[in-house]
Structure formats: C-alpha cells, structure tokens
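# An overview of the molecular structure
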Amino acid sequence: MMAYISVIVLSVSICGSLAMEYKFPEGFKFGVASAAYQVEGDPKSSDRGENIWDYMVHSRPEVISDRSDASMACDSYHLWRRDIEMMEELGVNMYRFSISWTRLLPTGYPNIISEDGKRFYNDLIDGLLEKGIEPIVTLYHCDLPQSLQDLGGWANPLVVDWFTDYANVVFSLYADRVKIWLTLNEPFGICDFGYMELAAPYFDDIKVGGYMCTKNTLIAHAKAYRLYDEVYRPKYHGKVSLSTLFFWFEPATPDDVEATELAIQFWAGRYDHPIFSKEGGWPKKLEKLMLENGKNEGYPYPRLPPLSLEEIELVKGTYDFYGLNHYTTRLIRKVEPGYKPGPYPLMTLDEINVEMIGHPDWKSTELNWFSVHPKGIRDQLNWLKNNYDLKEIIITENGMMSLDPSLVDTGRLEYIRDYMEQVMLAMQDGVPVTGYTVWTMMDNFEWLNGYNLKYGLYAVDFNSPNRTRTPRESARFYSSVVRSRTLRTTYDNLNVIL
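What counts and how
- Residues numbered from 1 in each chain as written.
- Predicted model: local features only at pLDDT ≥ 70, side-chain atom pairs only at ≥ 80, totals over all residues.
- Heavy atoms only, no water.
- UniProt positions renumbered as here; feature names shortened; annotations may be inferred.
- Helix = DSSP H or I, 4+ residues; strand = E, 2+ residues; numbered from the N terminus.
- Rg over C-alpha atoms; globule rule 2.2 N^0.38 Å.
- Buried < 20%, exposed > 50% of the residue type's maximum accessible area, 1.4 Å probe, protein only.
- Contact = heavy atoms within 4.5 Å.
- Areas by Shrake-Rupley, 256 points an atom, 1.4 Å probe, with all protein chains shown as cover.
- Lys, Arg positive; Asp, Glu negative; His and termini not counted.
- Charge placed at Lys NZ, Arg CZ, Asp CG, Glu CD.
- Phe/Tyr/Trp six-rings, centres within 6.5 Å; stacked < 30°, edge-to-face > 60°.
- Lys NZ or Arg CZ within 6 Å of the ring centre and 35° of its normal.
- Disulfide = S-S within 2.5 Å.
- Axes fitted to C-alpha atoms, helices over the stretch in contact; angles between N-to-C directions.
- Parallel < 35°, antiparallel > 145°, perpendicular 65-115°, else oblique.
- Left-handed = near helix turned anticlockwise from the far one by under 90°.
- Core = buried A, V, L, I, M, F, W, Y, C linked by side-chain atoms within 4.5 Å.
- Expected span 1.5 Å × (residues − 1).
- Salt bridge = Lys/Arg side-chain N within 4 Å of Asp/Glu carboxyl O.

- You'll find the chain entered in an unreviewed UniProt entry as Myrosinase 1-like, with Arctia plantaginis given as the organism.
- Quoted verbatim from the Subunit (unreviewed entry) field of the UniProt record, the comment on the chain reads "Homodimer."
- The UniProt entry for the chain carries the following comment under Sequence similarities (unreviewed entry): "Belongs to the glycosyl hydrolase 1 family."

Dropping the structure here:
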C-alpha cells in the first residue's frame, strides 16, 4: 500500500443508521476521462482523416439511436480551454483523454503528420500541466483509420505494425511530458463489440474475425509497450498499460460457480491472462473449450488463434499497472446451447453457454444490462489482487449513465459515492489502488446511443453553438470529495457496506 487509509465512524444512531468518513491517502489521484471521437468534433476544418466511426455514422445512420453523429460533439477541439477550466472547478489532478489516430496521422500511416493535430495535443498537454493536472493518454479509443479498416483493420495481422508506427509517432511527440500511457481502451469492446454489431466497424463475425482481432490487439499492445520500454522509458521513465472493460460476475446459484469463473476468463481473462498472469498465454480452460467448439462447428483450425511461444513471451508482463474500467456486476447462469434471451445480444455469451442476468435486490437503471451493485467493484479489485502480481491499479473509468438530462442527478451522485466507498474498502483489504477516474467529465457522443445517454458530471447543451457545459449535482459532490480528500457516507442499513 502507498499510505495509511483513515476510516472514522462518525456516528451510529440508536435506530441503526451509520455515518462513515474515509480519508484518501496522500498521493491518491482523482480524475475524469474522455475519448477523442466522443468529444473533439471538427473532423473537417483541419486535415483529420476519416475513421471507422465517421464512416459508419454516415453510411449507416440508422444504427445510431438518435441518428446523430460526432461531427461537432462537444467541440473540444476548439473548447479545450473550457475543458481545463472544468477540471479546475472539480479540483481533479489527472485527465484521461485519447489521441485521435487520424487527427495526428491523416492517412493512418506515419508518412504525413498533421501540423494541426500535433499542435492541438501539444496545447492540451501543456495546458493541463500548467494547471497541475497530469495527462493520462490513451493511444487508441475505438477510432481506427478507415484506410486501415479497408485493408482488414484489427483482423489483419499487419495492424500490429501500423499501430506500432502510430505509437512511435505519439511517443516521439509527447513522451517528454506524458508519463502515464494506455495503449488500447477495452480490447473487448474493440473486438467483441465491433464484431457483434455493437460498435464500429459493425461486423457480424465474432466467430472468426472477432478472435483474430483479439490476438492482434494483444500483439499490438505488446509491441507498443516494448517500443516504449526500449526507446522511451530510459529517457522519460513513464508507465504503460492498457485499460480493460471488466464487468464483475457472480454466480446466480451455487451450481453456477464454475460457469462464472469461465465467464470471467472469457470476458476479461482472454485479454488479461496473456499480459498479467505469470504463465502467459490464453486461459487454458477457455482455450480448450473454444478449440472443441470450433471442431464441433466444422472449423479446420482454432477460431481463437494460437499464441506461439515467442508471442507468449512477447506479450507476458507488458504492463506497469492495471487500468480498470468498471461499470456494473451481472449474475451468471448456465444455459443450454442456442438459448437466446433477447433483445440485447450480450445478455448471452454463446461461446461458453452462460446468461448474464440482474439480481432482484440490486438497483436497476434505464438499460437492462446496467445494475448498480457497488460491492462488485471491491470484489473485483480483490480478485485482481489475488490472481495477478499487481503493484498498482488505476481505475480508468467508473460512472453511471442516465437518459435523464436533469442537473439534479441523485442516482449518479449516489453511484459515485457508493462505488468510491467500496474502492476505499478494497484499499483497506490491501488492493494497491492509486487513482480513481469518473467516466465522464461531460455528456458526449455515446457511440450507438448517440446523445441520448448521459454519463457526464457536466451537462452539455448540444443545441448551443458554444456547447455550454453546466455542472450537475454529481459534479459538486465529486469536487467536494476531491478537494477535501474525504468521502462521507450515511446509511440507514448497516449491512449496506459489508
């Protein structure tokens, strides 16, 4: 642990209510997060090239729930100074954002480096540092150049070289000031969502293309990590990892314990085990099951491409911390092959014959896959500590969506409060969490949901030419925690945090 964690029981009433105060240790960092495509806008006035989301929203506008696009989004390309002002208002000391691959390299290749793109990210990074806000930079957050997608994208093994070339340009320009890097955001989202018609490139090819993508993202991450390790770390002494979308899973019944562990390995372990485990490679039980599945389906080769011994060694250990994106917990229940719960495709993980369901006692939200179960993040953090050799975990995303644009967002405020409390309890358990990042600083273009879903601490008026940002109650609450470095909670049920 980095420092002593102070926990004070302020009061316990005669009727059973409990007031608690948690003091965050010195050095613990608070942040907010965004992604280039979701906030920057302005794909036309500079020389930014087309990416896979640009192509999809214009070629298939019907797949976006409100038929919107991100051509202006939050206009952070022009309003980045206001974005930094908001971080000052919140008092946060880190900002996670991503580089737009085609804003920096319009063709997707390093033959042309955009002066506009280079200047924009220089200005943003320098502006953050001037205010004492540490930049955490994601190299890739869902916006592959369409020129590379036309050649097969993440299913083409050459993408490893294309990504490494891109990473080299970014490191060469900004590694002197940026000390924390994420190579990829949510490989599960890139591959499984992208090849299940839940995200760009919006393919229905999870059986083959999705797993080719799985392997190629791992190799690309590893090559970028090794590049930094060999060329840039000796000069700049930064840290590199990736961020993993890791829903936590619990068994629906005692008979579902084994299925739940398999679901954890399928969802997160497929991307984590090769990097963070001591032995490396695919999770053995999952690899065997998927090989059998492929044979039974008539495929003459493994649908999950094997990792050679050289590739296992290349990927293993390519991390300096664990970047966790956590949103919700689901119960896992075994189902018969071919079972379809509908209507949301990921309610069933067909590959391993399990269904994800909610718990009747957990608070529900407007989306059927998103339940509120704060203790899940503590259980998940402890699972990570017990299964991998981790010296540091940064929560790179945690937040709650809503369809309600109201500034009085009690549900989001309580979500942040209760999840932060469970993070503190996990730190008491010995989990080395060093930072917490809210998704997201402000409402943005939320992928297939367009502007309907609101995750922001700040509301954004998307009808305003100035994209006016207004703090919600959750922003005021988060700011009070950050500035005081203290989380205060009151519960009527003493069992709620246990």
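## Observations regarding the overall build of the chain
- Counting its regular elements, the chain contains 15 helices and 19 strands.
- Its C-alpha radius of gyration of 22 Å places the chain within 12% of the 23 Å reference for a compact globule of 498 residues.
- Taken along the three principal axes of its C-alpha coordinates, the chain extends 65 × 55 × 50 Å.
- In the chain, buried positions account for 62% of the 498 residues.
- Nonlocal contacts in the chain, meaning residues at least 24 apart in sequence, comprise 76% of its contacts between residues at least 6 apart.
- Looking at the chain as shown, the accessible area adds up to about 18900 Å², and 53% of this sits on carbon and sulfur atoms.
- Side chains of the chain carry 49 positive and 68 negative charges; the gap between the two charge centres is 3 Å.

## A few points about the packing of aromatic side chains
- Within the structure shown, the criterion is met by 45 aromatic pairs.
- Note on Phe247 and Trp369: the rings are 5.7 Å apart at their centroids and 10° apart in plane angle, and the pair reads as stacked. In this pair, Phe247 sits in the loop between β7 (239-245) and β8 (248-251) while Trp369 sits in the loop between β13 (363-364) and β14 (371-372), placing the two residues 122 residues apart along the sequence. For the residue pair Phe247 and Trp369, the accessibility class agrees, reading buried in each case.
- Here Phe445 and Tyr451 contribute two aromatic rings whose centre-to-centre distance is 5.5 Å and whose plane-to-plane angle is 70°, an arrangement assigned as edge-to-face. Comparing Phe445 with Tyr451 shows no difference in burial state: the two are buried.
- An aromatic cluster is defined as three or more aromatic residues linked by ring pairs; in this entry it consists of Phe188, Phe193, Phe247, Phe249, Trp267, Tyr271, Tyr327, Trp369, Phe370, Tyr415, Tyr419 and Tyr455.
- The side chain of Arg103 reaches across the aromatic face of Tyr77, ending 4.2 Å from its centre.

## Quick notes on the state of the cysteines
- Evaluated as defined, the whole model comprises one disulfide.
- Across the disulfide, Cys191 is cross-linked to Cys213 (sulfur-sulfur distance 2.1 Å). Classification of the bridge connecting Cys191 and Cys213 rests on its S-S torsion, roughly -75°, and on that basis the disulfide is left-handed. Taken together, the residues Cys191 in helix α8 (residues 187-193) and Cys213 in helix α9 (residues 209-236) connect sequence positions 22 residues apart.
- Judged by its relative accessible area of 0%, Cys191 is buried.
- As a non-bridged cysteine, Cys74 has Cys142 as the owner of its nearest cysteine sulfur, 16 Å distant.
- For Cys74, a relative accessible area of 0% gives the class buried.
- Cysteine Cys142 shares no disulfide, and the gap to the nearest cysteine sulfur, in Cys191, comes to 10 Å.
- For Cys142, a relative accessible area of 18% puts it in the buried group.

## Overview of the packing of helix α13 (residues 375-387) against helix α14 (residues 410-428)
- Axis separation between α13 and α14 bottoms out at 8 Å; the angle between their running directions is 30°. Judged by the inter-axis angle, α13 sits roughly parallel to α14. As α13 runs across α14, the sense of the crossing is right-handed. Between α13, through Lys375, Ile377, Arg378, Leu381 and Asn382, and α14, the contact on the second element is made entirely by Tyr419, Gln422, Val423, Leu425 and Ala426.

## With respect to the environment of Asn156
- Examined against the element boundaries, Asn156 turns out to sit in the loop between α6 (146-149) and α7 (159-174).
- When its relative accessible area of 16% is taken as the criterion, Asn156 is described as buried.
- C-alpha of Asn156 to C-alpha of Met212: the two residues are 56 residues apart in sequence and 7.7 Å apart in space.
- Filtering out sequence-adjacent residues up to four positions away, Asn156 remains in contact with Leu151, Trp162 and Asn216.

## Remarks on the nonpolar core
- If you look at the biggest cluster of nonpolar residues, it comprises 165 residues, and the most contacted ones within it are Val32, Trp53, Trp154, Phe163, Trp181, Leu381 and Tyr478.
- Ranked by the residues each element gives to this core, the list is headed by α9, at eleven residues.
- If sequence neighbours within four positions are ignored, Tyr478 has contacts with Phe30, Gly31, Val32, Val92, Ile416, Met420, Tyr436, Val438 and Leu457.

## Some remarks on helix α15 (residues 473-484)
- If you check α15, its first and last C-alpha atoms are 17 Å apart, about what twelve residues at 1.5 Å a residue would give, namely 16 Å.
- Looking at α15, one finds that the buried residues are Ser474, Ala475, Phe477, Tyr478, Ser479, Val481 and Val482.
- Downstream of α15 by a residue or two, Arg485 has a phi angle that is positive, lying close to 55°.

## Regarding the pattern of salt bridges
- Summed over the entire model, instances satisfying the criterion amount to 33 salt bridges.
- The partner of Glu88 in a salt bridge is Lys131, and the shortest N-O contact between them spans 3.7 Å. One end of the pair, Glu88, is in helix α3 (residues 76-90); the other, Lys131, is in the loop between α5 (115-130) and β5 (134-140), with 43 residues separating them in the sequence.
- Arg119 serves as the salt-bridge partner of Asp123, at 3.6 Å between the closest nitrogen and oxygen. Taken together, the residues span about one helical turn, with Asp123 and Arg119 both in helix α5 at a distance of four residues.
- For Arg119, a relative accessible area of 38% corresponds to the partly exposed category.
- Put simply, Lys207, Glu297, Arg303 and Glu351 are held in one network by salt bridges that share partners.

## What to know about unusual backbone geometry
- A cis amide bond links Ala200 to the next residue, Pro201, at an omega of 10°.
- Structurally, the position occupied by Pro201 is in the loop between α8 and α9.
- Cis geometry marks the peptide bond from Trp439 to Thr440, where omega comes out at 5°.
- Residue position: Thr440 is located in the loop between β16 (433-438) and β17 (458-460).
- The residue Cys142 is not glycine, and still its phi comes out positive at about 80°.
- Its place among the elements puts Cys142 in the loop between β5 and α6.

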